[in-house]
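Tertiary structure, described
The residues making up each chain are set out below.
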2 protein chains.
Amino acid sequence: MSKWVYSFGAGHNEGRADMRNLLGGKGANLAEMASIGLPVPPGFTITTELCTEFYRNNRNYPADLDAQVTEALARVEQAVGRRFGDAAAPLLVSVRSGARVSMPGMMDTVLNLGLNDETVRGLAETSGDARFAWDSFRRFIQMFGSVVLGVDHHRFEEIIETIKMDAGVVEDTALRPEDWRRCVDEYKDLVLEETGRPFPMAPRDQLWAAIGAVFGSWMNPRANTYRRLHDIPADWGTAVNVQAMVFGNMGQDCATGVCFTRDPSTGENIFYGEFLVNAQGEDVVAGIRTPQPLSKAGAKPGEVSMEDALPDAYAELCRVRETLERHYHDMQDIEFTVQQNRLYMLQTRTGKRTAAASLRIAVEMAQSQLITRQEAVLRVNAQALDQLLHPTLDPRAPRTLFGKGLPASPGAASGAVVFSADDAEMRAAKGEAVILVRIETSPEDIHGMHAARGILTTRGGMTSHAAVVARGMGRACVAGAGGVSVDYGARTLSSGGKVIRGGETITIDGATGEIFVGTVATVEPTLSGDFSTLMEWADQSRRLKVRSNAETPLDAETARKFGAEGIGLCRTEHMFFAPERIGAVRQMIMAQDEAGRRAALEKLLPFQRQDFLELFRIMAGLPVTIRLLDPPLHEFLPHGDQEIADVAQALGQEVDQMRRRAAELAEANPMLGHRGCRLGISYPEIYEMQARAIFEAALAIAEETGQPVVPEVMIPLVGTRRELEITRAQVDRVASEVLDHAGKQIEYLVGTMIELPRAALTADKIAEVADFFSFGTNDLTQTTFGLSRDDAGKFLPHYVEAGILPKDPFVSLDIEGVGALVRIAAERGRMTKNSIKLGICGEHGGDPASIAFCEEVGLDYVSCSPYRVPVARLAAAQAALGVAGDKTA
Amino acid sequence: MSKWVYSFGAGHNEGRADMRNLLGGKGANLAEMASIGLPVPPGFTITTELCTEFYRNNRNYPADLDAQVTEALARVEQAVGRRFGDAAAPLLVSVRSGARVSMPGMMDTVLNLGLNDETVRGLAETSGDARFAWDSFRRFIQMFGSVVLGVDHHRFEEIIETIKMDAGVVEDTALRPEDWRRCVDEYKDLVLEETGRPFPMAPRDQLWAAIGAVFGSWMNPRANTYRRLHDIPADWGTAVNVQAMVFGNMGQDCATGVCFTRDPSTGENIFYGEFLVNAQGEDVVAGIRTPQPLSKAGAKPGEVSMEDALPDAYAELCRVRETLERHYHDMQDIEFTVQQNRLYMLQTRTGKRTAAASLRIAVEMAQSQLITRQEAVLRVNAQALDQLLHPTLDPRAPRTLFGKGLPASPGAASGAVVFSADDAEMRAAKGEAVILVRIETSPEDIHGMHAARGILTTRGGMTSHAAVVARGMGRACVAGAGGVSVDYGARTLSSGGKVIRGGETITIDGATGEIFVGTVATVEPTLSGDFSTLMEWADQSRRLKVRSNAETPLDAETARKFGAEGIGLCRTEHMFFAPERIGAVRQMIMAQDEAGRRAALEKLLPFQRQDFLELFRIMAGLPVTIRLLDPPLHEFLPHGDQEIADVAQALGQEVDQMRRRAAELAEANPMLGHRGCRLGISYPEIYEMQARAIFEAALAIAEETGQPVVPEVMIPLVGTRRELEITRAQVDRVASEVLDHAGKQIEYLVGTMIELPRAALTADKIAEVADFFSFGTNDLTQTTFGLSRDDAGKFLPHYVEAGILPKDPFVSLDIEGVGALVRIAAERGRMTKNSIKLGICGEHGGDPASIAFCEEVGLDYVSCSPYRVPVARLAAAQAALGVAGDKTA
């Protein structure tokens, strides 16, 4: 005989907190609370296994269930001293669903089950309150009717409205017992009319119908969709909790409330919550009456705290708070009811919290030795940490308000206004800061949102596409700025008579929704001491080094401030777009021969050397990985007719010549074109110039600081051993020339990106000539999936929504496919050269789940954008502690 | 003590034919011939190991070499009865290089070594011919001077010219002994002047200098480059052959000649070759005198055959021919000399031959039981077979000659004139036959040449880029048509006042170099009985099935005629470009919603069904793999402004709307865009229409022929299991609808292309929902290398030339990288489903080396273009017999 039913409360606790899988979260915690002596109304849990058995057995219950329910119910009757269906002293129960994870679509709670035309009288008599009894009955019919029988809940509310009009009252509380009695009659008529059957009067019929409805809700479409999206197996099942009712609505010595053991917004160690006197749970949520604070200290003028109104129950609740935190070692989210001055606990669970609160709670709990430092490190969601790291507006900076919208995603950002995702991407690729302005965004704009510093929309709310995506990406966003109008044709943005044109700068504050004209100074986030403390603990736990992707001195400084241990990716092409350089770059592209190219490169050399000098100075003593030129040359040529004419004139070239060259260089699939080391092989002089700039700068900084950087020269897009061999020979030759000339030595490495499947598959060969591999997982994802990031917007969002892909593979590494190649390359590379240094420099380097994978594969470091460095440090620590970052609460 | 020197001839043979690695090809075969009793002048071979030792030891010989050479030389002296350097009866020798494979850059032969001012007199006396002696001496100085001492050979020739002028004669043969003696004196002066040292007179000095020169040539730049390109290790080394001279130039009873044991052009079993009376080897090659035929039967009027001139030697040579073929079991390429009526063999090696000859020789040798049938199958180069399979002009077809060029690559082809590679590719992609016309081609035109049926250039010769590439690709090519002029601007082609415009049709005959106006009817190649015989033998040996890629009835018929065992790839998009269909396709693309798309697809259904009806009828009883729509939709939209306007009008759409849709659909990297199954998921109605057409057609043909085809529905560009699951469900549903409606059953499969690295890596998962995998190695090569076939022309040819890649990976499968994925996918796919059918349908399916790989991995079939089917059948047989197709002679 299987055990399907577990009792709790009244001294008979068959469950525990760690039986969550069997009893669901709610049931397990009820049993746990009861077993540590907290006041829990007695009840029982029907297990998740029964749910699975129910479905396995074609929606039939096993034969032995009825007896077990009857027995458990009898134990509740005995503990409470009332009997289910008893006309004089009826036992009433609540029925609640409770799976092992909280899930939308599951059945709502049914309270007061067990009432009928007879027991309602017994309840009136035993409570001495007819109004309470009839109100409870109508509440039951309403909940049961809508939740179990599927009658539209609006129909019930219409009946109350009619009765209130007839009675000439406004508030529900003003209705008399007879009004509620009429209400019950009309409710019963409604149910008969809607369902074709009378409302069930036998309490056991009510109970089995409610249990059946809980199990039924496990397979409703909403739940099925949610499970598919979150990869939750259907056979986890849900449990059903049946519990003796306690009443917070029996008079002024009764109340109901919800609270958190600490402030879920700030994490401050105060008792945080609200309650209502003389109310049932649903009233707190419904918002008809204003809930009151718990503590005297938290009460504003005119508010009556629970500490004042129900001092004994409050004192008991404070003891419960202490007990629960000590017992669960975490902040709890609690539901309680006070019936006639006596406190009853209805639920406890780990409380949801903001990132800031999560940080503070973890650090303070570790400091008070409630948890260990390692537990503290595991407690903070690395992904969410990002929220704390964004710049805000400098409060003292002058500003001109332009308009206002919703504060959709935190952070302040300034940039040139662009009106299309493509523009955003193009200009950002040249190193420009842009704000993407759209009436509304759609999945096709994702690449532009990614490229922009901030996003402004004039339509849509806090959950609009723009808002959701921007928060996910950590981009500042002001959404639904209705007072602002956008004219794509004229390329303007106007508000209250003021006009801003495309290309002009605006500043948005995603924390307030404000939009300002021009640039408003921002301040970097001031990070609390808790932040540093947690980072320090994280650093003690992690094995992976964390570097940053950085091209500019500002990026490098930010990165170092956030604790980056070097630069993992400096994309040198970003350095070529500045006006004083692009001319020489274009001259190089237009040159007829190598001599012409060399002459143009000679002009670029001092700029490039200066770039590296600045980065090396900031990163003195640390490794700096510099990727040689990667994009195809046509990216540097002008596109529009006018621009081509201007540039041709500036360079003293024929327009036709320039157009011809642009046409010559144009590519059908630039992503798969003449780029990366293929350029270095076609035009060795380019890489030679870059190598010269690197080694000259490194020598100078070694001299200046005494702490030489270790330049790591990285060759992009290598697919064969020979490509790396040829290009590394160029670099080595220049290095000896520069170093021999100076008579100095310097340590440096030459390695390659692993960003093509072929490179991963032949990593054993490539490792023969590489000092390091850096996984370029952006391009590796593109080639492994055959998926252009620029074009994926048309279908990738649908793929993620429909669960064809679990996540956007450009955001979180596709471990099954792309990860398989990373693993192959790491293994084969080490097989050839055990000491080979392995890192990752795609966007995935800042994604906690991807970092966990990097830890598992044993990479040496991850590299991410400067603001993600703390996220990566924490995620790396969590990975080292054996928990994937995205799985922590 | 190592053995560095191997003697041959005169009854002391230390080598054998199978010692090629040690003795080089030439040395091994001299020893072999001698040991089977053929008349070989005695000599010795210094081994390739000595060469390696020489370089390993810093260009020094081991101490024991000198003694071994002296001993071997003494044995030759004894056999010949002359002594090296003996004034009275001097031994003269030849010195030749001979590596294990024939290689350019190696040292030329030095003859008559051992002559000096003294021995020349001895030679004059013993031969009784002063003219011969002095001529031999000057020849020796000339060869030794240019080959060993590096004096420009033109300088020697100038001296002869002067002497001839002085003597007032035209022919060398008219010079007298004293003229040659003067020539010797002037040659010696020249050597002194050019090298600063007198010509070496001591025969042993001459010998060691010549040996040193052979070893030196192993490391010259030309040899190094060749070895790098052909992956030949430097430590293979070369051998040196020193052999007693025999003289074909001692009088009318002397001769020298080269011959093949069968006709190397046709393969006919006749003795084929030429000879010169009273000449040395170089005279045959120099072309000053006209060589004469060997046999009386082969002599034209005025020619004197060897059979007539030297009947005894000829009879002996015929016996040698028999002996060599019996001994080597293959056609031989022979060099011989007749000295005073006595035949001497100087070389034998396997003879090079045309594809036709190779076929005929193999079949006839097997029929006469000289070799087995399996050996015959292995003897024919599968790649070369292609030459025999091209269409030729119908001799009876009327034609108008337009111009003439060089017959650069066989085959006759008609098509619309296009002037750029891009045009060629674009129009070919729409199923149009085109002839690419260029002034000359460059590596950037490769994709267009591939797409074209034929190539015409007005500049360049038989080895121009166009000619070489066209032959490699099996495309018809007329090169260097100097009388034809091309105007790219006006898009015309003119010749003798006639003008052809772009888009008009021409016909070229690559076998004659002729160009015709319009279409000239062609006839399919008439294949010899030998061809069928060999194919039959090949089919008995092969395991791999061979299918064809085909979309049109003509392709399908050609394929079946060539022995295809089904269709491995029918690209349905090719069917959508015909004028009566493209309208509906565009209407589908422009539709606002699914209903609009379905309405348009409804129009396409009958066309599509008809397509399949025709293919299925031709392939009755065989499997037909149909790939559902693959390319991105924008490929079907018009591009130019005018075309957009026309199409918009035709469809009753706004021009702006059409332009907007085209812009919406445009992609940065179409290769990685919204295509393949991604379309099938976004617009399920497209695949549903195609599936319906397939199953309706299959049912009809089953009814009609009683031999149902097995439709294999192939989903393109699958990267995840779920994509295939979704799209296969669409297909299965339509299949049941159609079959249930008809009340019939039909066998069919649903599978996928494996053309993305991710698909290969997750093949175990994908196999759960696939009946077959077909490796789409074109796209798999693109994604694995991150290399766009459309753009690779800018650097890929250089990569192949420079040896960065051994071969163009789009022509021959990259076994190391792409092959690794094929292997992974095959293994993982079979792990999940042992019965899964595996094939390949990329261009590689017709490439012998790639087919050998497919055999090794154990695929079930290859699929290639119709004309490659015989190539594939033969290559598959060779692979099964364990020899890669490209390794056979």
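Located above this text is the structure these notes cover.
Rules and cut-offs
Residues numbered from 1 in each chain as written. Chains lettered and ligands numbered in written order. Predicted model: local features only at pLDDT ≥ 70, side-chain atom pairs only at ≥ 80, totals over all residues. Heavy atoms only, no water. Least-squares fit on C-alpha atoms with pLDDT ≥ 70 in both. Contact = heavy atoms within 4.5 Å. Helix = DSSP H or I, 4+ residues; strand = E, 2+ residues; numbered from the N terminus. Expected span 1.5 Å × (residues − 1). Buried < 20%, exposed > 50% of the residue type's maximum accessible area, 1.4 Å probe, protein only. Buried area = accessible area lost by both parts, 1.4 Å probe. Salt bridge = Lys/Arg side-chain N within 4 Å of Asp/Glu carboxyl O. Polar contact = N/O pair within 3.5 Å; in protein donor to acceptor, adjacent residues only side chain to side chain. 1 Å grid on protein atoms, 1.4 Å probe; cavity = no way out; pocket = protein on both sides within 12 Å on 5 of 7 lines; lining within 4 Å. Points joined across faces, edges and corners; volume = space filled by probe spheres on them. Nonpolar A, V, L, I, M, F, W, Y, C, P; charged D, E, K, R; others polar. Pairing = 2+ DSSP bridges. Axes fitted to C-alpha atoms, helices over the stretch in contact; angles between N-to-C directions. Phe/Tyr/Trp six-rings, centres within 6.5 Å; stacked < 30°, edge-to-face > 60°. Parallel < 35°, antiparallel > 145°, perpendicular 65-115°, else oblique. Left-handed = near helix turned anticlockwise from the far one by under 90°.

A few points about the relation of the copies chain A and chain B
Rotating chain A by 180 degrees about the axis while translating it 0.1 Å along that axis superimposes it on chain B, leaving an RMSD of 0.1 Å. In symmetry terms, the pair is related by a two-fold rotation axis. When the interface residues of chain A are mapped onto chain B, 100% of them again lie at the interface, so the same face is used by both copies.

Remarks on helix H21 (residues 579-590) of chain B
Between the first and last C-alpha of H21 of chain B there are 17 Å, a value that for 12 residues agrees with the 16 Å anticipated at 1.5 Å per step. Residues of H21 of chain B that are buried: Arg 581, Ile 582, Ala 584, Val 585, Arg 586, Met 588, Ile 589 and Met 590 of chain B.

Concerning the side chain of Gln 730 of chain A
All names here are of chain A. Along the chain, Gln 730 turns up in helix H27 (residues 721-742). Look at Gln 730 and you get buried, because its relative accessible area is 8%. Leave out the neighbours within four places in its chain, and Gln 730 touches Gly 680, Pro 684 and Tyr 687.

Describing the interface of chain A and chain B
You'll often see interface size given as the accessible area lost when the parts meet. Taken residue by residue, the interface counts 46 residues in chain A and 46 residues in chain B. Taken together, both faces of the contact between chain A and chain B bury some 4000 Å²; the carbon and sulfur share is 58%. Our count for the chain A to chain B interface comes out at 6 salt bridges. The residue Arg 758 of chain A makes a salt bridge to Glu 816 of chain B at a minimum N-O spacing of 3.2 Å. Along the contact surface separating chain A from chain B lie 24 residue pairs in polar contact (both at pLDDT 80 or more). Secondary-structure elements contributing two or more residues to the side of chain A that touches chain B are helix H24 (655-665), helix H25 (677-682), H27, helix H28 (757-761), helix H30 (777-785), helix H31 (796-801) and helix H32 (818-832) of chain A.

Describing the layout of surface pockets
All names here are of chain B. Taken as a whole, the second largest pocket encloses approximately 460 Å³ of empty space. Looking at the second largest pocket, it is lined by 28 residues, and the ones nearest its centre are Pro 42, Val 80, Met 245, Val 246 and Tyr 344. Looking at the lining of the second largest pocket, the elements that each hand over two or more residues are helix H3 (65-80), strand S4 (90-91), helix H4 (119-127) and strand S12 (342-350). For the lining of the second largest pocket, the element with the highest residue contribution is H4, accounting for 3 residues. Along the lines of polarity and charge, the residues of the lining of the second largest pocket split into 19 nonpolar, 7 polar and 2 charged.

Quick word on the sheet that holds strand S5 (residues 93-99) of chain A
Residue and element names in this part refer to chain A. Pairing within the open sheet is antiparallel, and its 5 strands lie in the order S1-S2-S7-S5-S6. Bordering the open sheet on either side are strand S1 (5-8) and strand S6 (110-113), each of which pairs with just one other strand. Looking at each pair of strands side by side, their axes are set apart by 25 degrees on average, direction ignored. In the sheet, S5 pairs with S6 via 2 bridges, with the strands oriented antiparallel. Bridging from a neighbouring strand, Val 93 pairs with Leu 113 of S6. In the packing of helix H1 (residues 20-35) onto the sheet, the strands contacted are S1, strand S2 (43-46), S5 and strand S7 (238-244), and the crossing angle to S5 comes to about 125 degrees. Across the sheet, helix H8 (residues 203-218) lies against S2, S5, S6 and S7, angled at about 150 degrees from S7, the strand it touches most.

Things to note about the pattern of salt bridges
Residues and elements named next belong to chain A. Taken as a whole and judged by the stated rule, the model has 130 salt bridges over all chains. In this structure, Glu 53 and Arg 56 form a salt bridge, with 2.9 Å as the shortest nitrogen-oxygen distance. One end of the pair is Glu 53 and the other is Arg 56, both in helix H2 (residues 48-56) and 3 residues apart, which spans about a single turn. Look at Arg 56 and you get exposed, because its relative accessible area is 63%.

Describing helix H33 (residues 848-857) of chain A
All names here are of chain A. Most of H33 is tucked away, with 9 of its 10 residues classed as buried. Every buried residue of H33 is accounted for by Pro 848, Ala 849, Ser 850, Ile 851, Ala 852, Phe 853, Cys 854, Glu 855 and Val 857. Of the surrounding secondary structure, the elements contacted by the buried residues of H33 are helix H15 (382-385), H32, strand S32 (837-840), strand S33 (861-864) and helix H34 (869-880). With its phi angle positive at about 85 degrees, Gly 858 sits one or two positions after the end of H33.

Some thoughts on the pairing of S5 of chain A
All names here are of chain A. Judged by how many residues are buried, S5 sits mostly within the fold: 7 of 7 residues are covered. Burial along S5 is two-sided: Val 93, Val 95, Ser 97 and Ala 99 facing one way and Ser 94, Arg 96 and Gly 98 facing the other are all buried. Of the strand pairs in this sheet, S5 and S7 are connected by 7 bridges, and their pairing is antiparallel. Residue pairing in the sheet places Arg 96 in a bridge with Asn 241 of S7.

Notes on the sheet that holds strand S16 (residues 412-418) of chain B
All names here are of chain B. Reading across the sheet, the 8 strands line up as S14-S24-S23-S16-S17-S18-S19-S15 and stay open at both edges, with mixed pairing between neighbours. Both edges of this open sheet fall to strand S14 (401-404) and strand S15 (406-409), since each of them pairs with a single strand only. In this sheet, neighbouring strand axes are inclined to one another by 30 degrees on average, regardless of whether the strands run parallel or antiparallel. Both S14 and strand S24 (residues 514-517) contribute to a ladder of 3 bridges, which runs antiparallel. The partner of Gly 403 across the bridge, within S24, is Ile 515.

Some points on unusual backbone geometry
What you tend to see is this: most non-glycine residues have negative phi, and most peptide bonds are trans. Here Leu 717 of chain A, not a glycine, exhibits a phi torsion of approximately 55 degrees, which is positive. Among the structural elements, Leu 717 of chain A can be located in the loop between strand S29 (710-715) and H27. Although it is not a glycine, Gln 369 of chain B sits at a positive phi angle of roughly 60 degrees.

A word on the packing of aromatic side chains
All names here are of chain B. For the coordinates displayed, the defined rule picks out 39 aromatic pairs over all chains. Each ring, one from Trp 134 and one from Phe 137, has its centre 6.0 Å from the other, and the planes form 40 degrees; the classification is tilted. One end of the pair, Trp 134, and the other, Phe 137, are both in helix H5 (residues 130-148), 3 residues apart, so they sit about a helical turn from each other. Across the pair, Phe 137 and Trp 134 agree in class, each one buried. Geometrically, the ring pair formed by Phe 144 and Phe 199 is edge-to-face, given 5.4 Å between the ring centres and 70 degrees between the ring planes. Taken as a pair, Phe 144 in helix H5 and Phe 199 in the loop between helix H7 (177-195) and helix H8 (203-218) lie far apart in primary sequence, 55 residues in all.

Focus: the packing of H33 of chain A against H34 of chain A
Residues and elements named next belong to chain A. For the pair H33 and H34, the least separation of the axes is 8 Å and the interaxial angle reads 50 degrees. Comparing the axis directions of H33 and H34 gives the class oblique. Note on packing geometry: the crossing formed by H33 with H34 is right-handed. On H34, the residues that touch Pro 848, Ile 851, Ala 852 and Glu 855 of H33 are Val 871, Ala 872, Ala 875, Ala 876, Ala 879 and Ala 880. By residue class, the composition of the contact of H33 with H34 is 9 nonpolar, no polar and 1 charged.

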